[in-house]
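Topology and contacts: notes
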Amino acid sequence: ADTSTSGGSGSGEAASSDDLSITLLPKNLGNPYFDASEIGASAAAEALGAEFEQVGPTEATPDGQVSYINTAAQQGRSALVVSANDPNAICDALNEARDNGVTVVTFDSDTNPDCRDLFINQADTAGIAKVQGDLIAEQIGEEGEVAILSASANATNQNTWNEAFIEYVNETYPDIEIIDTVYGDDEDQKSFDQTAALLQSNPDLAGIVSPTTVGIAAAARYLSDSDAKGEVALTGLGTPNQMREFIEDGTVEAFALWNPEDLGTLATYAAAAVATGEIEGAEGDTFSAGDLGEFTVGADGVVLLGDPFVFDADNIDEFQF
Amino acid sequence: MTTTIDISAGTNRVRAFLSGGRMRELGILLALGLVILAATLTNPKFLFSGDGWRDLLLTPAPLLLVTIGQAFVIITRNVDISVGSIVGLTAYMTGWLFATFPGIPIPLVVLASVLFGAFLGLVNGALVAFAKVPAMVITLGTLYAFRGINVLWTGSDRINPSDMPKPFLAFGTAQFLTIPVLTIVAVAVLVVAAWYLANMRSGRELYAIGSDPQAANLYGLKTTRRVLTAFIVSGTLSGLAGVFYAARYGTVDSQAAMGWEFNAIGAAVIGGVAIVGGVGTVWGAAIGAFLLMTINRALPIVGIPDFWQQAVVGVLIIGAIVLDRVLALRQKRRLIETRDNA
Amino acid sequence: MVTEDPARPGGAPALELDRVVKSFGPVVALRSGSLTLHPHSIHALIGENGAGKSTLVKIMAGLYRRDAGDFRFRGESVDFSSTAQSKDAGIAVIYQEPTLFPDLSITENIFMGRQPTGRFGRIDRQAMRAEVEQIFARLGVRLDPDRITEGLSIADQQIIEIAKAISLDASVLIMDEPTAALSGVEVERLFAVARSLRDEDRAIMFISHRFDEVFALCDTVTVMRDGAYISTHPIEETSVDELVRQMVGRDVTELFPKKETTVGEELLAVEGLTSPGSFHDISFRVRAGEIVALAGLVGAGRSEVVRAVFGVDAYASGSVTMSGTRIPSGKPTAAMAAGLALVPEDRRKQGLVIDSTVGSNTAMAMWRKIAAFGFLTTGIEHRAARPWDAKLEVKSHALDTVVGTLSGGNQQKVVLAKWLATNPRVLIVDEPTRGIDVGTKAAVHALLSELADQGLGIIMISSELPEVLGMADRVLVMHEGRITAELDRAEATSENIMHAATHATEPSA
Amino acid sequence: MTTATQTTSIVQFDYARPLWRRVLATREFAIIGLLVLVLVVASLTVQGFAQPLTYNYLLLDVAPILFIALPMTLVMTTGEIDLSVGSMAGLASVTTGVLVQSGAPFEIAALVALAVGVVGGAVNGYLVTVVGLPSLAVTIGTLALFRGIAVGMLGTTAVTEFPEFWTALAKAKLAGTSIPWVVIPFLVLLVIFVALYHFTPFGRGIFAVGLSSDAAKFSGVNVERTKFIVFVLAGFVAALAGVYYTLRYSSARGDNATGLELQVIAAVVLGGVSVFGGRGKIHGVIAAVLLIGVLSSALRLEGISSAIINIITGGLLIISVVGASVFAWAKTRRSSPTPARAAAASSS
Ligand SMILES: Nc1ncnc2c1ncn2[C@@H]1O[C@H](COP(=O)(O)OP(=O)(O)OP(=O)(O)O)[C@@H](O)[C@H]1O
Ligand SMILES: Nc1ncnc2c1ncn2[C@@H]1O[C@H](COP(=O)(O)OP(=O)(O)OP(=O)(O)O)[C@@H](O)[C@H]1O
Ligand SMILES: [Mg+2]
Ligand SMILES: [Mg+2]
């Protein structure tokens with residue numbers, strides 16, 4: 001089937017499932033979190049009989065993503081599954097792609113609702129805020145100073161989670177004080193150095209929360225051989241493979257995450273469902289996501305994966321991603 | 001008779017040290033002292049805590065190595081913009097060797113990575129020296145090419161601490177008499193490099209080549225070989241820095257050490273290595289590297305908000321080179337005055 | 001190894017070149033260069049600018065490789081591929097243009113690449129310094145061996161080149177116009193050293209455009225023309241006229257064709273010019289039709305004064321006035337607009353953009369003037385440049401030839417053409433005939449004289465006393481940054497110029 | 001036509017080589033040829049390349065680089081370099097964003113951003129010319145400074161609300177074509193820069209300063225002013241590119257245009273501008289920017305990873321200089337023996 005010569009098919013035109021072509025566009029390549037998503041996504045694509053490809057910039061910037069969105073439009077792909085580096089900056093490009101017949105599904109990090117067909121939400125903000133708040137409160141005995149080690153200052157999901165987290169903690173645990181938010185830009189070295197700086201500038205720090213897989217791993221690595229090991233608690237969102245060692249050596253007690261593999265799978269099924277015309281993407285539409293079961297589209301075209309899962313020494317060996 | 005000559009030569013040297021060439025190093029050293037003092041006064045932990053003391057010495061170590069190599073290259077009136085990519089590539093290579101050949105002896109890995117760095121330096125040097133083309137263009141090209149190879153090789157893989165043996169990672173933070181081992185290695189390299197540049201014929205020839213390449217040709221100096229050597233030194237030290245990076249940070253992906261080229265060049269220039277070649281010492285360059293990294297670490301401590309730190313780093317870089325220039329001009333004026341009065 | 005009777009002058013040749021050919025792309029620099037140097041003899045090589053002398057030198061130095069012909073050193077055929085090889089074989093070369101490392105000390109410059117070393121290959125600085133001091137004493141030089149060479153005058157640089165060559169202790173010493181930048185005292189010292197080296201049975205070659213020097217120093221002389229060997233004579237069997245005829249291919253009638261001109265209105269007035277460290281309280285005037293010479297020893301500060309007058313350097317106090325209008329300090333454009341022109345002393349660094357073309361260089365100082373509605377094209381440049389290059393007989397293949405490939409003398413002509421093209425009212429020339437052959441030198445003198453006749457005021461810096469005496473209407477003598485004497489054409493003699501140049505006199509004069 | 005002996009005669013010709021050789025046998029022409037070749041091959045073999053959309057995206061993508069390459073060519077011809085252009089574009093973007101956010105009309109905000117560009121360029125120029133610092137060092141400093149101010153001003157936020165009219169204009173196509181409207185301001189700038197650089201006394205001064213600032217100074221070229229002006233131009237155009245960037249992505253962020261400086265410099269150098277100064281042609285630079293853009297676009301369409309694009313960019317840079325050097329070396333080898341042999345034969 002020739003899908004690439006003309007990008008001019010009008011939006012909403014349905015592709016039959018055997019000439020389905022899906023492009024996965026993560027925030028950046030070389031990020032273990034998205035590698036896990038890619039495994040789920042490509043498996044789903046295979047199950048659907050769709051042609052599948054992952055592309056992306058090496059650095060997590062919106063302008064880098066725009067080039068790939070444009071390329072997908074030029075190639076006339078049926079669907080684009082994207083985690084946005086900026087909610088607005090890539091909007092126009094996405095809409096242009098949609099005008100060229102490309103179905104756009106965001107996952108992990110959303111754009112403005114009017115420039116995508118669906119958003120696959122890994123966990124709702126309240127759920128993430130709650131699980132992180134409860135974990136850190138438990139680990140530091142519900143009182144003390146806590147700092148946040150976030151990803152880049154512009155990451156949509158991070159900022160929303162952090163706000164909700166701060167609000168939740170302030171309401172639920174009045175003796176915990178959130179003293180600072182620092183940014184490691186999802187770079188190992190920067191997150192590592194930021195951890196060092198946090199520890200030095202805040203001698204009374206009781207805990208660090210890092211809602212990003214790169215950040216929590218780097219922080220754990222710094223803590224594991226510093227004097228603060230065992231003194232300062234660390235939790236947040238991490239992948240089992242990266243955190244296994246630190247759970248084992250006691251640097252980290254417990255952390256949370258959803259399964260990014262499932263997230264990729266769900267996003268791919270959703271994209272296929274819209275692209276083939278199976279659903280419109282309106283509130284209340286339901287579709288099947290293979291082994292994951294049935295999902296329903298919520299308000300604003302959001303599909304929710306489920307609640308985050310807590311990993312600790314007892315269960316971590318059961319997971320490989 | 002001999003003693004008097006010795007004394008006068010000695011005092012001459014002291015005077016030359018204070019008034020002339022070493023002024024720049026002293027100024028930068030002073031700035032470094034002030035930064036450490038300011039940070040320590042704000043938060044004594046910056047210096048007086050196990051982690052603080054260790055990090056103060058340890059953090060600059062990899063950049064120190066890269067800057068020494070960069071100084072070699074800049075002194076010959078060349079520049080190596082590809083160092084960040086070399087560090088990234090060799091850091092990945094280090095992790096990859098451990099991950100792919102479990103049980104491989106650590107010294108073998110270190111050697112392999114350093115040799116790999118030397119090889120990448122050789123590629124740069126051969127292109128620059130034999131084709132006689134501007135180093136800036138070549139190394140800008142290899143900056144892209146090496147990073148591209150790195151991304152291709154790494155893909156979306158990454159090295160995690162669990163991929164590397166514990167003793168190797170421990171080496172990243174190991175201390176000897178409270179001084180980090182990596183720092184000791186870097187300073188040892190520095191001492192050897194400084195001695196070589198000051199006291200060996202081939203070292204002095206690097207300065208001559210940078211001072212006037214055409215004159216070097218007329219003198220019959222082995223320009224090609226020396227420039228090649230400078231690039232190999234830069235590559236080798238960047239390779240060693242890659243090993244340091246892997247040991248210290250434990251995690252390596254395809255973007256490791258991105259942008260280090262500007263840090264290394266900036267550090268060398270702050271330390272008084274003239275970008276047009278022929279002038280400067282590795283001491284100065286090393287202090288420059290120390291200053292740059294320490295500023296980075298001190299800013300959050302003295303309470304500069306996260307978002308403004310980079311701006312402050314920029315101001316400090318410019319401030320350092322302006323100060324250096326002002327001192328040099330004052331020096332020159334004083335020379336003229338003494339000439340007038342003579 | 002061929003050993004020969006060392007004491008016999010004119011014995012077995014130390015070095016022989018036979019019908020050597022060298023070309024650069026389409027340019028044939030040497031068609032058939034031949035030369036024989038003997039131990040215990042000083043041999044002169046003379047020829048017009050571009051005759052191929054320096055090319056021959058560079059072949060002997062191993063800097064260029066010959067295309068054809070024979071090169072024998074001590075009887076053995078050699079083919080040097082780098083200057084290190086010729087150095088090792090025992091050939092020391094002083095190049096026409098000083099080539100020093102500006103950031104390194106004088107001592108390091110002299111020993112670069114062959115420093116004495118001690119244990120672990122460590123450089124022995126003490127030994128190096130001691131030897132430099134010894135050589136400097138021999139040459140009568142008072143430079144600080146630890147000073148970096150950046151900012152040294154051409155003359156001082158030339159002296160370091162000489163010291164460098166002497167320190168090599170070579171059996172053959174080749175000097176390409178070593179005296180061009182030197183004044184009498186230094187030249188005499190150099191000659192003394194050269195003679196003593198000759199008496200140590202070394203072969204010495206000397207290139208100069210000054211015949212008095214050739215006759216004072218040399219034993220034999222070889223003439224070249226158009227890249228080819230012409231003749232060799234023992235010095236006592238030849239004369240200036242004969243040599244000039246062979247060099248130029250015709251007679252040169254007059255070397256100093258000074259016309260008597262009527263001195264007109266005052267054009268340039270310099271009042272109390274001072275720049276600490278360089279010169280103090282310099283005052284003089286230049287009138288239309290007058291040639292004012294600035295004489296003095298090397299390093300007296302003459303170049304710095306004219307640079308300040310032209311605005312390339314700023315000065316601390318004093319004033320420069322052109323026909324009543326004050327020229328601001330440090331603004332060459334203002335000076336040019338007022339009708340000043342400066343032909344600087346270092347043509348390769350200051351006079352020319354050496355990697356640019358002949359046409360562009362010639363037009364450079366008049367870019368703004370020749371631009372049409374603010375626009376400038378290569379065509380416009382060439383149209384403006386052509387007549388001036390032709391007038392000064394610049395020998396170049398085309399106007400877009402890179403000026404750096406011309407011979408030294410032709411480069412100097414391009415600089416002169418560039419400034420004459422601006423139609424200046426006061427022309428400052430700093431060592432205008434340095435490195436220029438007799439034919440051209442006479443032409444330059446004639447030109448200066450003619451320009452003065454047309455009403456230009458001319459300031460001429462020259463280290464050649466005959467030139468000063470032959471051309472100047474008035475002579476200002478400088479010593480250590482101050483004007484120590486002002487002499488009319490009538491009162492100027494070599495004795496009182498030299499006296500003023502070497503002694504600080506009471507401020508009254 | 002030319003014989004070996006005319007070195008001894010007075011200037012004969014305006015040009016040593018005929019016109020066609022001066023135009024065609026140049027490095028710039030080689031780049032243009034390569035660009036055409038890549039365009040043809042990509043159009044024939046890459047699916048989805050030969051469509052109007054491609055040219056639209058391509059031009060939109062390379063526009064900031066095209067813009068900044070113009071003044072960068074001037075800066076590098078004077079022998080200096082400006083590494084701060086990417087940061088300046090980012091700073092201009094943030095300035096626009098912050099002002100628009102605080103209620104200023106977009107037009108005013110953009111003008112202020114351009115003024116910031118002029119001021120930033122003047123800071124670079126001042127430090128390089130008046131204080132006398134090496135530009136590489138100065139602009140490594142301002143690279144951090146400008147970026148730092150940009151990040152500091154906006155913090156975690158991004159400004160995304162800009163007037164529809166302007167954001168649409170940034171992407172609008174010229175009537176009936178797929179050519180983006182942004183080429184119009186670019187062409188205006190291009191004409192100005194070509195005239196300034198190649199056909200004015202000021203432009204000659206730029207070249208002279210790059211080849212020998214001493215000789216330029218002795219000839220009445222105001223070296224300091226020349227360098228100062230080119231730095232200001234670089235700051236101004238970088239800011240212009242930053243404003244364009246803001247509109248194109250409808251987003252002002254602290255990290256906009258990060259790393260743009262190396263892309264610009266790579267293109268300028270590939271286009272034949274000497275890093276030592278004194279040599280360069282604008283048409284070569286434009287061709288080089290487009291060449292890299294076309295290659296990236298075609299390779300992306302083929303699904304080839306950006307790593308390969310990096311390797312190719314790097315390889316092109318290296319080949320362009322090494323190739324030229326080898327070519328020159330081969331030429332001297334080839335041409336030198338002929339006249340020499342002839343002369344040798346005639347003299348013996
Ligand atoms: N590197 C070069 N490339 C091209 N032409 C050259 C080169 N070097 C010298 N020439 C040409 O060779 C010829 C001889 O030059 P050379 O420098 O040997 O003359 P010279 O006798 O030393 O003159 P002068 O007395 O002016 O120093 C000149 O025509 C010059 O233009
Ligand atoms: N006492 C001194 N110590 C060190 N350097 C000096 C001293 N006097 C002069 N110089 C330097 O030497 C040079 C001499 O000045 P200048 O070139 O004006 O002299 P000049 O009379 O024109 O000699 P020349 O014949 O070389 O042109 C200047 O560059 C100056 O900086
Ligand atoms: Mg010569
Ligand atoms: Mg002088």
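All of these numbers come straight from a predicted model, not from anything done at the bench.

1. What to know about the interface of chain A and chain B
Contacts between the two partners involve 30 residues from chain A and, on the opposite side, 34 residues from chain B. Buried surface at the junction of chain A and chain B, summed over both partners, amounts to about 2700 Å²; 45% is from carbon and sulfur atoms. Counting the surface chain A buries against chain B, the share from its top three residues, Gln189, Gln200 and Arg221 of chain A, is 26%. On the surface where chain A and chain B come into contact, there are 1 salt bridge. The partner of glutamate 245 of chain A in a salt bridge is lysine 166 of chain B, and the shortest N-O contact between them spans 4.0 Å. Here chain A and chain B share 12 residue pairs in polar contact (both at pLDDT 80 or more) between them. Counting only elements with at least two residues in the side of chain A that touches chain B, the list comes to helix H1 (32–48), strand E7 (176–183), helix H6 (188–201), helix H7 (213–224) and helix H8 (240–248) of chain A. A per-element tally of the side of chain A that touches chain B places H6 of chain A first, with 10 residues.

2. Remarks on the coordination of the magnesium ion (ligand 4)
Every protein donor of the magnesium ion (ligand 4) is listed here as Ser303 of chain C (OG) and Glu345 of chain C (OE), and their distances to the metal cover 1.7 to 2.6 Å. With serine 303 of chain C in helix H9 (residues 302–310) and glutamate 345 of chain C in the loop between strand E16 (340–343) and helix H11 (347–351), the pair connects residues that are 42 residues apart, well separated along the chain.

3. A look at the state of the cysteines
Residues and elements named next belong to chain A. Applying the stated rule across the entire model yields 1 disulfide over all chains. With its sulfur 1.9 Å from that of its partner, cysteine 91 forms a disulfide with cysteine 115. With cysteine 91 in helix H3 (residues 91–99) and cysteine 115 in the loop between strand E4 (103–107) and strand E5 (118–121), this pair connects stretches of sequence that are 24 residues apart.

4. A few points about the interface of chain C and chain D
The partner chain D presents 43 residues to the 52 residues of chain C that form the contact. Here chain C meets chain D over a buried area of about 3900 Å², counting both sides, of which 62% is carbon and sulfur. Looking only at chain C, the three residues that lose the most surface to chain D are Trp367, Leu376 and His397 of chain C, adding up to 15% of its buried area. Summed over the shared surface of chain C and chain D, the result is 1 salt bridge. Residue glutamate 381 of chain C pairs with arginine 204 of chain D through a salt bridge whose shortest N-O separation is 2.6 Å. Seen at the junction of chain C and chain D, the total is 6 residue pairs in polar contact (both at pLDDT 80 or more). Secondary-structure elements contributing two or more residues to the side of chain C that touches chain D are strand E1 (15–24), strand E2 (27–37), H9, helix H10 (332–337), H11, helix H13 (367–370), helix H14 (378–391) and helix H15 (408–420) of chain C.

5. Description of empty space enclosed by the protein
Using the criterion set out here, one finds 14 cavities of 30 Å³ or more in the structure. Roughly 170 Å³ of volume is contained in the second largest cavity. Every residue lining the second largest cavity is counted, 16 residues in all, and those nearest its centre are Leu218 of chain B together with Lys87, Val93, Tyr95 and Lys164 of chain C. Elements with a minimum of two residues in the lining of the second largest cavity: helix H2 (83–89), strand E6 (91–94) and helix H5 (154–167) of chain C. With 3 residues, H2 of chain C is the largest single contributor of residues to the lining of the second largest cavity. The residue inventory of the lining of the second largest cavity, partitioned by class, reads 10 nonpolar, 3 polar and 3 charged.

Procedures and definitions
- Residues numbered from 1 in each chain as written.
- Chains lettered and ligands numbered in written order.
- Predicted model: local features only at pLDDT ≥ 70, side-chain atom pairs only at ≥ 80, totals over all residues.
- Heavy atoms only, no water.
- Contact = heavy atoms within 4.5 Å.
- Buried area = accessible area lost by both parts, 1.4 Å probe.
- Salt bridge = Lys/Arg side-chain N within 4 Å of Asp/Glu carboxyl O.
- Polar contact = N/O pair within 3.5 Å; in protein donor to acceptor, adjacent residues only side chain to side chain.
- Helix = DSSP H or I, 4+ residues; strand = E, 2+ residues; numbered from the N terminus.
- Donors = N, O, S within 2.8 Å, 3.2 Å for Na, K, Ca; no water.
- Disulfide = S-S within 2.5 Å.
- 1 Å grid on protein atoms, 1.4 Å probe; cavity = no way out; pocket = protein on both sides within 12 Å on 5 of 7 lines; lining within 4 Å.
- Points joined across faces, edges and corners; volume = space filled by probe spheres on them.
- Nonpolar A, V, L, I, M, F, W, Y, C, P; charged D, E, K, R; others polar.

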